[in-house]
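So you can see what is in the structure, the chains are spelled out below.
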Amino acid sequence: VLLSYPGLEHMGALPYVVSKFGLKVPIFCTLPTYNMGQMTLYEAHEAKSQEAEFNTFSLDDIDDALMLSKQREVETGGNEKWGVRTLKYQEQLKIKGKDCTITPLGAGHAVGGALWRIKWRTDEIVYAVDMNHQGELHLNKASLEQLSRPSLLITDSTNWGREGTPQKRRQERVKELVLEVASSRHFATHHPTPLIFQARIPHPPHCPPRPHIHHVLLETLDRGGNVLLPSDAAGRSLELLLLLEELWHDRRLGEGRRPFRLVFVHAMAENVKSFAKSQIEWLNSSIADAFNLNERHAFQRTQAKVCVDLAEFDDYEKQKPGPRVVITTHHSLEAGVAKVLLSRWADDSKNRVIFTQRASPGTLAARLQTATVRPLTLAIDVPVRKPLDGAELEEYERDKAAKKLEREQEEERVRLMKEIGMAVDDGGGGE
């Protein structure tokens, strides 16, 4: 298994297929993809568990799926050697027993993102999905110059059939990425034509978007509105955090008689920032040069308030009221804090939602982005977990105990089958 990025789209199913389908194979990725991917899966599990009972996979399943191969070999006494192995960019790894070599190369898009060069005998295969051929605020562009003409190129066609936007026009279109919310059931916009919601933040020397994005944010805050930025757990959210903390620092937006608040909300936010600070060699050269010059990391700024859940965010909002920009998880708006805040803020036309990427079909975000008629009638269901009592609690405890017993019996059955298999192998060897 080759993991290219730490997002849910690329590794969200890994704990499920390992735990439910028994996938036991070598897994390769870069160190940032391993660290950030683990935080992404933890956060996703927490977000879904806050809404309802989540049984697709457990936290233990995440840990098992992402266990390093060396650690598994030690814990199993050498019986099992499958698991995760991390690689550096341009590190060539020859697959044992196969005439095959794999090499990860920088792909942009996310910290540690990789495109894979696979040499099989005399052929060269390149697996390159979601790569970004332009530099970003914190990442170098994809390392396409390191590739010769491959025998086979496997890539995606996300933008196939979509009209491209020249870089000079892209910064002018940033304002069109803003969806102005008119009410909890009706979403209105000042634009007479459908909006385009795909927002990249290119590398500053090529196409600096700051003044335009900043204009949209400050315009909303000045009129007393809030801005919701639904993003991912450890990819685009880091770029947004870097961009906005720079804005808050340069313009001192968190100071004065009417300060504006910048908040980063999700369960693993502190861990994500910590990993970003410890992985400077995976960021772009400008950040590394600045660090070498003044020994201060770009992600060491403290302009953003980090909240681990909605309860902490609510407490912070009571303590320090006022307009705020919130970066949070699940750009699909299907779960987590983003969905809750959308339902809260949608009845005030001063508030805005900014999408930084196209949503997957069938999601709440996709319905907003693709709507051609405004205002849009829309119902938002926000599940709320409440404590059980009485007969409901007793029935829940019985079901929980029955499932636990069933799981223990299955584990014992698997253990016995392994012992029988080992005994048969030993007997065969004796003969």
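Our subject is the structure listed above.
Note that this is a predicted model, so its numbers are computed, not measured.

Colleague: How would you explain the sheet that holds strand β5 (residues 114–120) if you had to name every residue and give the values?
Modeller: Strand order in the open sheet formed by five strands is β3-β4-β5-β6-β7, with mixed pairing between adjacent strands. What marks the edges here is a single partner per strand, and that holds for β3 (93–94) and β7 (152–155). Of the strand pairs in this sheet, β5 and strand β6 (residues 123–128) are connected by five bridges, and their pairing is antiparallel. Considered in β6, the bridge of Lys119 is made with Glu124.

Colleague: Describe in detail unusual backbone geometry, supporting the description with residues and values.
Modeller: For Arg121, which is not glycine, the phi torsion reads 55 degrees and is therefore positive. Even without a glycine there, the phi angle at His330 is positive, about 70 degrees. As for its placement among the helices and strands, His330 is situated in the loop between β13 (324–329) and α12 (336–345). Residue His330 is classed as buried on the basis of its relative accessible area, which comes to 11%.

Colleague: Before we move on, could you go through the pairing of strand β4 (residues 100–106) and cite the residues and values that matter?
Modeller: Burial within β4 is extensive, with seven of its seven residues counted as buried. Burial along β4 is two-sided: the face carrying Cys100, Ile102, Pro104 and Gly106 and the face carrying Thr101, Thr103 and Leu105 are both buried. Counting the residues between successive antiparallel strands, the hairpin from β3 to β4 contains five residues, one of them, Gly97, with a positive phi of roughly 80 degrees. Pairing between β4 and β5: seven bridges, direction antiparallel. Its bridge partner lying in β5, Pro104 is registered against Trp116.

Definitions and cut-offs
- Residues numbered from 1 in each chain as written.
- Predicted model: local features only at pLDDT ≥ 70, side-chain atom pairs only at ≥ 80, totals over all residues.
- Heavy atoms only, no water.
- Pairing = 2+ DSSP bridges.
- Helix = DSSP H or I, 4+ residues; strand = E, 2+ residues; numbered from the N terminus.
- Buried < 20%, exposed > 50% of the residue type's maximum accessible area, 1.4 Å probe, protein only.

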